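The lines below spell out each chain.
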Amino acid sequence: MMKRFVLMVLAVTGALALAGSAGAQPPPGTLVQQVALSRIGGGTGKLLGDGTVGVIFFFEAGQPHSLDALQMMHQCEQEFAKKAVHWTAIVSDSASADAVSADIKASGLAMQVLVDKGDQVYAELKVILHPLVVITDKQNKVAAYEPYQRINYCNVVRAQLQHALGELDDKGLEAIVHPAASTQGGEAAVAQRELRMGQRHLEAKRYPQAAAAANKAIAADAKLVDAYVLLGQASAGQGDCKAAGAAFDKALGLDKSNAAAQEGRKACTK
Amino acid sequence: MKNQRIPVRPSALALVVTFLFASFVLSPIVAQGRESQAAAPAKGGKMAPSPGLARPASDVINYKDGVLGPQKGEVASEHSPYADGACDFCHKGDARNPGGLLKPVNQLCFDCHSEFEEMMTKRAVKHAPALKQCTNCHNPHNSRNKQLLVSDQVTMCTSCHTAMKTLLDTATVKHGAMEGAKCTNCHNPHASAVEKLLIQLPFDMCIRCHSQDGLKDHSGVALTNFKTLLENNPVWHAPVAGKDCSACHTPHGGRNFRLLVEPYPAKFYAPYEAENYALCFTCHSSNMVDVPQTTTLTGFRDGPKNLHYVHVNKADRGRTCRACHEVHASKQAFQIRDSVPFGDRGWSIKLNYKRTATGGSCDKTCHSLKDYDRSKKQ
């Protein structure tokens, strides 16, 4: 059953990789053209920085996911305030300036907001989803696209930015983008827990309880050396040198240099 | 690598694809339409202001310092130190007359349950009640519930997550996963690397069930086997590629068919009204369908003539997105269908779509050969 599930997950993961070849958005590494655009609130601003990592944030006023992302991007820009990052939000020129301004004000967004005249930047990057974050590297090439995700969006954008800045390696990025299952700990954790509890019973000279805990620990992890040591000590405490010797032998079978097992074995053979 | 997911983002013609993120089902176009407005999906994890948890009055025995005492009568779980009479693990004094606690509650728990200390330290998303005091949810002695929970799991969780309780009680469209299920099927109540304390990303959670044949929704409609679908159809809708089923579906129950977070037309034809496509417009701009002429908003245009507008924006029989696009994944670019679903008897008409460098064509389908060319001057 487990094997089938693992195979299925691998198959789907493979399909995810396949899916990556199917679209038409300019791929990572594509050079983004530098342009100067009108800024909401007056003046003009550059789409990209000069030799810095950049964030281009496409959003649409009043759109639920965009409103959510605006809050997240405000948080992000604050976190990276001391880093060399060029921040730009961009809206279509068909958007209502008043509606855009109201959303910016409500979110507290501090970055410049540019108006994409004739939707030329939208067309260049083939942007059809809102919100979308495009991370560019120091050469103004696309490093990553991050369309909105309801879950973990902020973490992923932050990680992509850290990756572009060289603060996070590929492995670290992968761990955030595709996090491992957050389980409760599994059998290994159960074994450790029983071991610790058994050791406390042993300290209190509750030998039967210590032995019971040791056996539970062994049942959860048959290679846990310290659990056999505990079982040996608990058995010795109850005067059962035969059982103690057998437990210490098992511990030494797994780790012949284990000092506690050697000592216990010696004490038992006296 | 994350970056390799990128090209799957829909482009040009796929502007409308989000419209189609409306069904877990490949088969029949189900004429359910918008359902009652009784339940609204819970947003933002709203919780009751009080930290009080559901504790049956009969359970509150020897309730001291926020920690439940031993329960009388039949119990379903027992804490090992309590069962062993090892009161000194946690209490001052002796077993016959246990006194106060040796340390703050969580420190005591972590002496043995150190994996929880580790996960609540290292994982980014933490459950506040667990962080504050394990005994918010667990009785350290014994309980009539499994895992020493102070009450049954759903009752306990919804005693704080009241908006979720309302949703579960009033949802007109139910999710089978919620029936008789526990919150911990999908959430880790202590800490997680994923927001909302999800054990995994939404897609990874969903596919654990939605990867089998024969699965049906609460009304008996067969559901898609996503393992098969995604293996055989390499062009994925962006939220699918982003493993974010929850961008379009609400997993706890809701008011829209297929557990969609916002309304979306369920049939082939529908009068065009932006609010009917609220789901799609959470990501796509309505301009794509509202504007008759464009040179930037879509690649599905003949010169500047917006063909999405032509197909969809009609007061009576507008073609909904599902007419031409697959919801989740397809073989062709832009999630274009192989065939068009028509009527309620499972009929389909081939689309015979051909893509060219500057446009494409459809033939022998709802209409005879029609082609389009973006580069054409008006």
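Residues numbered from 1 in each chain as written. Chains lettered and ligands numbered in written order. Predicted model: local features only at pLDDT ≥ 70, side-chain atom pairs only at ≥ 80, totals over all residues.

## Considering the overall build of chain B
Right, so step 1: Per the secondary structure count, chain B includes eleven helices and 15 strands.
Right, so step 2: Split into buried and exposed, the 378 residues of chain B put 43% on the buried side.
Right, so step 3: Considering only residue pairs separated by 6 or more positions, chain B has 60% of its internal contacts joining residues 24 or more positions apart. (Helix = DSSP H or I, 4+ residues; strand = E, 2+ residues; numbered from the N terminus. Buried ≥ 20, exposed ≤ 12 C-beta atoms within 10 Å, placed from the backbone. Contact = placed C-beta atoms within 7 Å.)

## Details of the overall build of chain A
Right, so step 1: From N to C terminus, chain A includes eleven helices and seven strands.
Right, so step 2: By the compact-globule yardstick of 18 Å for 270 residues, chain A is too spread out, its C-alpha radius of gyration being 30 Å.
Right, so step 3: Oriented by its inertia axes, the alpha-carbon framework of chain A measures out at about 90 × 40 × 35 Å.
Right, so step 4: Going through the 270 residues of chain A one by one, you find that 44% of them count as buried.
Right, so step 5: For chain A, the proportion of contacts with a sequence separation of at least 24, taken over those separated by at least 6, is 63%. (Rg over C-alpha atoms; globule rule 2.2 N^0.38 Å.)

## Details of the environment of Tyr264(B)
Right, so step 1: Mapped onto the elements of the fold, Tyr264(B) is located in the loop between helix H9 (238–241) and strand S6 (269–270).
Right, so step 2: Sequence separation of Tyr264(B) and Asp373(B) is 109 residues, and the distance between their C-alpha atoms is 29 Å.

## Notes on the packing of helix H9 (residues 225–237) of chain A against helix H11 (residues 259–269) of chain A
All names here are of chain A.
Right, so step 1: Running from amino to carboxyl end, H9 crosses H11 at an angle of 25°, the nearest separation of the two axes being 10 Å. Between H9 and H11, the interaxial angle falls into the category roughly parallel. H11 is crossed by H9, and the crossing has left-handed handedness. Across the interface between the two elements, Val 229, Gly 232, Gln 233 and Ala 236 of H9 pack against Ala 260, Ala 261, Gly 264, Ala 267 and Cys 268 of H11.
Right, so step 2: Grouping the constituent residues of the contact of H9 with H11 by class yields six nonpolar, three polar and no charged. (Axes fitted to C-alpha atoms, helices over the stretch in contact; angles between N-to-C directions. Parallel < 35°, antiparallel > 145°, perpendicular 65-115°, else oblique. Left-handed = near helix turned anticlockwise from the far one by under 90°. Nonpolar A, V, L, I, M, F, W, Y, C, P; charged D, E, K, R; others polar.)

## Looking at the pairing of strand S11 (residues 339–342) of chain B
Note on strand geometry: in a regular strand, side chains alternate between the two faces of the sheet.
All names here are of chain B.
Right, so step 1: Pairing geometry for S11 and strand S12 (residues 347–350), over four bridges, is antiparallel. Bridged to Val 340 within S12 is Ile 349.
Right, so step 2: Between S11 and S12, which pair antiparallel one after the other, the connecting turn spans four residues, and Gly 343 there sits at a positive phi close to 75°. (Pairing = 2+ DSSP bridges.)

## Quick look at the sheet that holds strand S4 (residues 85–92) of chain A
Residue and element names in this part refer to chain A.
Right, so step 1: Pairing in this open sheet of seven strands is mixed, and the strands run S2-S1-S5-S4-S3-S6-S7 from one edge to the other. In this open sheet, the two strands that pair with only one neighbour each are strand S2 (44–46) and strand S7 (142–147). Within this sheet the neighbouring strands show an average axis-to-axis angle of 35°, counted without direction.
Right, so step 2: As defined by bridge partners, strand S3 (residues 53–58) adjoins strand S6 (residues 132–136) across five bridges and the pair is classed as antiparallel. Bridge pairing links Phe 58 to Leu 132 in S6.
Right, so step 3: Where helix H5 (residues 153–164) meets the sheet, its contacts fall on S3, S4, S6 and S7, and the angle it forms with S7 comes to roughly 175°.

## Quick notes on the domain arrangement of chain A
Right, so step 1: Here chain A is described as being made up of domain 1 (26–177) and domain 2 (186–269).
Right, so step 2: The straight-line distance from the C-alpha centre of domain 1 of chain A to that of domain 2 of chain A is 58 Å. (Domains from an automatic or database assignment.)

## As for the sheet that holds strand S13 (residues 354–356) of chain B
All names here are of chain B.
Right, so step 1: If you trace the three strands from one edge of the open sheet to the other, you get S13-S14-S15, paired in antiparallel fashion. Bordering the open sheet on either side are S13 and strand S15 (370–373), each of which pairs with just one other strand. Between one strand axis and the next, the sheet turns through 15° on average, direction left out of account.

## What about the confidence of the model for chain B?
Right, so step 1: Scored by pLDDT, chain B comes out at a mean of 80, with 81% of its residues at no less than 70.
Right, so step 2: As scored by the predictor, the complex reaches a pTM of 0.78 and an ipTM of 0.78. (pLDDT = per-residue confidence, 0-100.)

## Topic: unusual backbone geometry
Right, so step 1: At the junction of His130(A) and Pro131(A), the peptide bond is cis and its omega measures out at -15° in the coordinates.
Right, so step 2: When you line up the elements, Pro131(A) lands in the loop between helix H4 (120–124) and S6.
Right, so step 3: Its identity is not glycine, yet Arg258(B) carries a phi of approximately 60°, on the positive side.
Right, so step 4: Position of Arg258(B) among the secondary structure elements: in the loop between H9 and S6.

## Regarding the nonpolar core
Residues and elements named next belong to chain A.
Right, so step 1: Residues Val 55, Phe 57, Ile 90, Val 134 and Ile 135 are the most contacted members of the largest nonpolar core, which totals 92 residues.
Right, so step 2: Element by element, the count of residues in this core is highest for H5, at six residues.
Right, so step 3: With residues near it in sequence (within four places) discarded, Ile 90 still touches Ile 56, Phe 57, Phe 58, Leu 114, Asp 116 and Val 121.
Right, so step 4: Ranked by size, the runner-up nonpolar core spans 24 residues in total, among them Ala 191, Ala 213, Leu 231 and Phe 248. (Core = buried A, V, L, I, M, F, W, Y, C linked by C-beta atoms within 7 Å.)

## Side note on the confidence of the model for chain A
Right, so step 1: With 91% of its residues at a pLDDT of 70 or more, chain A has an overall mean of 89.
Right, so step 2: Confidence drops under pLDDT 50 across residues 5–23 of chain A; counting only partners more than four residues distant or on other chains, this segment forms 35 contacts.

## A word on H11(A)
Residues and elements named next belong to chain A.
Right, so step 1: For H11, every residue scored as buried is listed here: Ala 261, Gly 264, Arg 265 and Cys 268. Summarising the axial view, the buried residues of H11 lie within an arc of 100°, below the 170-degree limit, and thus occupy one face. Away from its buried face by more than 90 degrees, H11 exposes Ala 259 and Lys 266.
Right, so step 2: Packing partners of the buried residues in H11 comprise H9 and helix H10 (241–254). (Arc of directions from axis to C-beta.)

## Thoughts on the packing of H10(A) against H11(A)
Between two packed helices, both the angle of their axes relative to each other and the distance between the axes serve to describe the pair.
Residue and element names in this part refer to chain A.
Right, so step 1: Contact geometry for H10 and H11: axes closest at 9 Å, N-to-C directions at 150°. Put simply, H10 runs roughly antiparallel to H11. Here the hand of the crossing between H10 and H11 comes out left-handed. Facing H10, whose interface residues are Cys 241, Ala 244, Gly 245, Phe 248, Ala 251 and Leu 252, H11 presents Ala 261, Gln 262, Gly 264, Arg 265 and Cys 268.
Right, so step 2: The class makeup of the residues in the contact of H10 with H11 is seven nonpolar, three polar and one charged.

## Remarks on the environment of Arg123(B)
Residues and elements named next belong to chain B.
Right, so step 1: Within the element layout of this structure, Arg 123 appears in the loop between helix H3 (114–122) and strand S2 (125–126).
Right, so step 2: Its 18 C-beta neighbours within 10 Å are what place Arg 123 among the partly exposed residues.
Right, so step 3: Taking the C-alpha atoms as reference points, Arg 123 and Ala 191, separated by 68 residues in sequence, lie 6.0 Å from one another.

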